[in-house]
Amino acid sequence: MNPPQSMALEGTESLVVQAGAGAVAPDLQVVGRSAPRKDARDKVTGRAQYTTDIVLPGMLHAKVLRSARAHARIVAIDAGAARQAPGVHRVVTGADIPSHMVPYYGYFIKDQPIVALDKVRYVGDIVCAVAAETEAAAIAALRLVRVTYEDLPVAAGIEQALADDACALFDEAPMGVVPAYGDGASAQLRPRKNVCYQFDYRTGDATAFARCDHVFEDEFRFSRMTHYHLEPFVSVADVRGDAVQLWTSCQNPFPLRKELARMFKLPENRITVNVPFVGGGFGAKNNVKTEAVSVLLSLLTGRPVRFCLTMEEGFLTNTQHAAILRLKTGVMADGRLVARQSEILLDAGAYSDGSPLVAEKAGYRIPGPYRWEHIDTACLCVMTNTAPAGPFRGFGGTQTSWASESQIDMIARRLGIDPYDLRMRNLLRLGDPFVPGESGIDSDLREGLDLVCKEIGYHERSHDSTGTVRRGMGISIGFKDGGGVNKPAQARVKVSTSGDVFLQCGTVEIGQGARTALSQITAEILGVPLDKVSYAPINTDYLPFDQGTNASSGIAVMGQAIARAAHGVRDQILAFAAAQLGVEAGALQLGNGVVLHAGKAHPLAPMVMRHYGGTGFEFSSDGFFKAPGDHHAPLEAPCVFWEIGWGAAEVAVDTATGQVKVLKLVASGDAGRAINPLMIKGQEDGAAVMGLGQTLFEQMIYDDQGRLRNADPLTYRVPLAEDLPHDFVTITQEQGHGPGPFGAKGAGEGTILPIASAVANAIHDAIGVRITTLPITPVRVLEALTSSATNLESVP
């Protein structure tokens with residue numbers, strides 16, 4: 001197999017860092033170079049510390065008893081024998097939760113209990129928790145717990161949960177809120193039984209459908225995936241009095257602190273969240289996962305408590321949303337898109353988790369990157385007796401890109417138009433607002449599409465109709481808004497008198513290279529080598545606030561806060577030096593930790609000593625960034641940037657076996673300006689392979705009783721090295737239109753978006769049948785071929 005290839009388009013020359021005339025020496029250019037990761041040596045030598053490595057004196061270990069029933073009322077729990085078991089310090093059931101606590105957590109809706117209170121709602125729901133001297137002792141104690149259940153009807157899927165005779169998962173409405181929305185957007189809590197949230201978006205004239213030459217209606221189904229991060233969900237809590245020290249593998253330490261403070265009725269300044277390196281998250285490690293259990297058991301035992309899930313438990317903790325997407329699209333005979341009405345049904349699982357956030361994103365993104373006269377979308381979060389679903393790489397964009405880009409291809413073929421030509425006719429142009437009130441598109445969509453088409457040879461493709469193996473090509477444009485909604489970020493940059501730089505911000509290193517890239521931005525602005533910038537450990541007591549490491553926001557949102565802080569501290573230093581040297585600040589430069597004037601270097605330390613009488617001083621500046629609020633923007637603030645993924649696939653399909661082989665896969669994203677090209681390549685490679693897994697292999701298989709049949713690494717199929725295409729190309733575009741520092745945009749999610757639809761479109765190109773359900777298995781291909789042949793035979 002050939003290794004993945006990468007291209008970097010356009011120049012990456014450094015911007016001049018200066019306060020007046022002159023430039024920083026070329027050898028200090030940092031941005032645009034594939035600098036080695038700052039964490040590389042620690043990780044490859046094993047020195048890097050993850051939460052799984054945290055050991056505290058006297059630490060206990062937590063394990064939980066999980067329900068084997070998908071839906072049942074708890075009649076009684078007998079934990080007496082478990083409490084007497086050797087090594088056990090505490091057993092907690094719903095009856096043992098302190099009365100002052102608020103035992104539920106969630107994002108918009110607070111519905112998931114720390115341990116089950118009255119009923120269990122899915123196989124894997126936590127029934128009780130044990131803290132013991134060892135994990136083995138805790139597991140042995142759990143085997144002694146006896147639970148009496150009263151079984152309730154099970155709704156294991158979307159259709160069952162929406163049936164008139166379905167049993168309600170919640171008898172009473174949990175506490176929840178609906179955020180403010182702007183023009184055209186709205187939402188409601190519990191609009192019907194077993195729907196926890198509904199997001200709606202409408203714009204334009206609904207009569208547009210009546211003017212269309214054709215109206216096409218299609219349904220698509222999207223499989224559920226597990227995040228499959230290598231580091232498990234894990235936390236270590238040490239509660240001393242009313243002070244909580246917490247180490248956890250999470251992506252949003254500040255919102256987590258706020259949620260724990262609400263639950264345990266503590267001031268936020270009594271809770272410290274520490275986040276070491278995180279071994280992958282892909283969205284799963286947002287908000288409360290293990291932390292409430294570890295904090296509660298530490299509170300009740302007076303000892304530190306470690307709660308680490310197995311990988312099998314991870315399958316039962318958080319998942320991607322399965323979905324049913326129904327699209328009604330009106331077009332003109334020449335291929336001009338006019339109107340789209342969409343119904344999106346997300347399988348939220350047993351608790352709401354991040355489903356409302358995913359719903360607003362999926363509902364907003366379903367139009368794709370095209371011009372429309374009318375859009376009407378409803379996205380419902382349907383509660384089922386399955387594992388809770390939450391944020392996942394692509395965040396609703398994976399589901400919507402699958403359906404939208406599949407239907408765009410289908411419409412083109414129905415009209416006898418090449419799918420490339422139909423897209424080119426309807427794509428939004430650079431600077432066009434996505435919808436009324438929204439920010440402009442910041443990538444040239446046509447340029448990106450032409451790039452992947454050229455790489456795969458789309459316009460030169462041919463079809464061989466002989467034999468059982470047929471080849472075809474497909475293209476797709478994945479699309480999502482990036483940077484989060486109303487997402488604030490704060491940062492602090494300090495410079496010592498020796499010119500060393502301290503970067504403090506709350507962006508979590510989850511494997512994406514944030515420590516390195518954000519340090520590169522800082523180093524470039526201050527004109528210092530990268531090794532002079534240190535990145536502070538994540539500790540919520542000392543760092544400025546950040547909403548979370550998600551939505552590809554590290555560069556485009558936090559990067560802007562850091563740039564402002566770095567510019568601020570640079571200006572402080574130059575103003576101070578100007579006063580000491582008796583010159584104008586505009587005549588000075590800052591480079592390599594010293595002030596430069598008329599070709600002469602002036603170290604900071606002597607100037608500080610003369611002015612303050614000592615060298616004990618730091619220059620410091622804070623930076624803040626948040627997209628400004630605007631009620632005309634449907635989500636109450638304009639999108640920070642648009643994350644696009646262009647994809648093209650060539651496949652060979654064996655019509656005798658249904659086997660699909662991806663011969664070549666091309667995926668491309670637009671980084672705006674690549675801060676570190678090699679790290680972006682790693683992100684784009686990984687996202688594309690994740691998309692390939694969704695396309696051909698990955699699915700969580702539930703039976704009609706709500707039992708997950710492949711909840712372990714042996715039976716859950718992910719792509720292997722041998723599954724990768726022989727020819728796998730990722731292309732990093734640098735179109736330069738991003739809002740971040742040096743024209744950068746976020747990256748890391750775009751190339752997951754187009755893969756499934758590009759492959760499905762290629763299959764259709766090869767064999768003339770359409771697969772509308774993921775994953776695309778040989779059985780589904782054969783069924784589609786059989787159905788197509790049957791339909792042809794029935795035509796008179």
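Every chain is numbered independently, its residues counted from 1 as its sequence is written. Two thresholds apply to this predicted model, a pLDDT of at least 70 for residue-level local features and 80 or more for giving and counting side-chain atom pairs, whereas whole-chain, interface and lining totals are computed over all residues. As a rule here, side-chain values come from all non-hydrogen atoms in the structure, and water together with hydrogens is ignored.

1. Structural notes on the overall build of the chain
The cut-off we apply is this: The numbering of helices and of strands both runs from the N terminus, where a helix is a DSSP run of H or I of at least 4 residues and a strand a run of E of at least 2. We compute the radius of gyration from the C-alpha atoms alone; for a globule the expected value is 2.2 Å times N to the 0.38, where N is the number of residues. Exposure is judged per residue with a 1.4 Å probe applied to protein chains only, and the accessible area is read against the type maximum: over 50% gives exposed, under 20% gives buried, and values in between give partly exposed.
For the chain, the helix and strand inventory stands at 17 helices and 33 strands. Relative to its length of 796 residues, the chain is compact, with a C-alpha radius of gyration of 27 Å against a globular reference of 28 Å. A principal-axis box enclosing the C-alpha atoms of the chain has dimensions of 95 × 75 × 50 Å. Taking all 796 residues of the chain together, the buried fraction comes to 62%.

2. Some points on helix H12 (residues 514-526)
Rule in force here: An expected span of 1.5 Å times one less than the residue number is assigned to each helix.
Here H12 contains 13 residues, and its C-alpha end-to-end distance of 18 Å stays within 8% of the 18 Å for a straight helix at 1.5 Å per residue. Burial runs high along H12: 13 of the 13 residues are buried. Directly beyond the C-terminal end of H12, a positive phi value near 70° is found at Gly-527.

3. Comments concerning the pairing of strand S31 (residues 641-654)
Heads up, the condition is: Only strands that DSSP links by at least two bridges are regarded as paired with each other.
Of all the 14 residues making up S31, 14 are buried; the element is thus mostly covered by neighbouring parts of the structure. Residues Phe-641, Glu-643, Gly-645, Gly-647, Ala-649, Val-651 and Val-653 of S31 are buried on one face, and the alternating residues Trp-642, Ile-644, Trp-646, Ala-648, Glu-650, Ala-652 and Asp-654, pointing to the opposite face, are buried as well. Bridge analysis of strand S22 (residues 469-482) against S31 gives 14 bridges, and the strand direction is antiparallel. Bridged to Gly-474 within S31 is Ala-649. Here S31 folds back onto strand S32 (residues 660-670) in antiparallel fashion, the turn holding five residues, of which Gly-658 has a positive phi close to 80°.

4. So, the state of the cysteines
What counts here: In this description, a disulfide is simply a cysteine sulfur pair whose atoms lie within 2.5 Å.
Taken as a whole and assessed by the stated rule, the structure comprises zero disulfides. With no disulfide of its own, Cys-196 lies closest to Cys-381 among cysteine sulfurs, the gap being 4.6 Å. Taking the relative accessible area as the measure of exposure, Cys-196 reaches 4% and is therefore buried. Cys-250 supplies the cysteine sulfur nearest to Cys-308, a cysteine that is in no disulfide, at a spacing of 15 Å. Judged by its relative accessible area of 9%, Cys-308 is buried.

5. Quick word on the packing of helix H13 (residues 553-581) against helix H14 (residues 604-612)
Applied cut-off: Between N-to-C directions, angles cover 0 to 180 degrees, with each direction set by a line fitted to C-alpha atoms, over the stretch in contact for helices. For classification, angles of less than 35 degrees are called roughly parallel, those exceeding 145 degrees roughly antiparallel, those between 65 and 115 degrees roughly perpendicular, and all remaining angles oblique. Crossings are classed by handedness, with left-handed meaning an anticlockwise turn of the near helix from the far one by less than a right angle and right-handed meaning a clockwise turn. Here, two residues are considered to be in contact whenever any of their heavy atoms come within 4.5 Å of each other. Lys, Arg, Asp and Glu make up the charged group, whereas Ala, Val, Leu, Ile, Met, Phe, Trp, Tyr, Cys and Pro make up the nonpolar group; the residues left over, Gly among them, are polar.
Taken N-terminus to C-terminus, the directions of H13 and H14 make an angle of 65°; their axes are 11 Å apart at the nearest point. Put simply, H13 runs roughly perpendicular to H14. As H13 packs across H14, the resulting crossing turns out to be left-handed. Where H13 approaches H14, its residues Ile-573, Phe-576, Ala-577, Gln-580 and Leu-581 are matched on the opposing element by Leu-604, Met-607, Val-608, His-611 and Tyr-612. Of the residues contributing to the contact of H13 with H14, the split by class is eight nonpolar, two polar and no charged.

6. Some remarks on the confidence of the model for the chain
Filter applied, for reference: The predictor rates its confidence in each residue with pLDDT, a number between 0 and 100.
The predicted model of the chain has a mean per-residue pLDDT of 94, with 96% of residues at 70 or higher. Predicted confidence is poor over residues 1-26, with pLDDT under 50, and the contacts of this stretch with residues over four places away or in other chains come to 69 contacts. Here residues 792-796 is modelled with pLDDT under 50, and outside its nearest four sequence neighbours on either side it reaches zero contacts, counting other chains as well.

7. What about the sheet that holds strand S24 (residues 501-505)?
Taken in spatial order, the four strands make up an open sheet running S25-S24-S23-S30, and their pairing is mixed. Pairing within the sheet leaves two strands with one partner each, and these edge strands are strand S25 (533-535) and strand S30 (618-625). Within this sheet the neighbouring strands show an average axis-to-axis angle of 20°, counted without direction.

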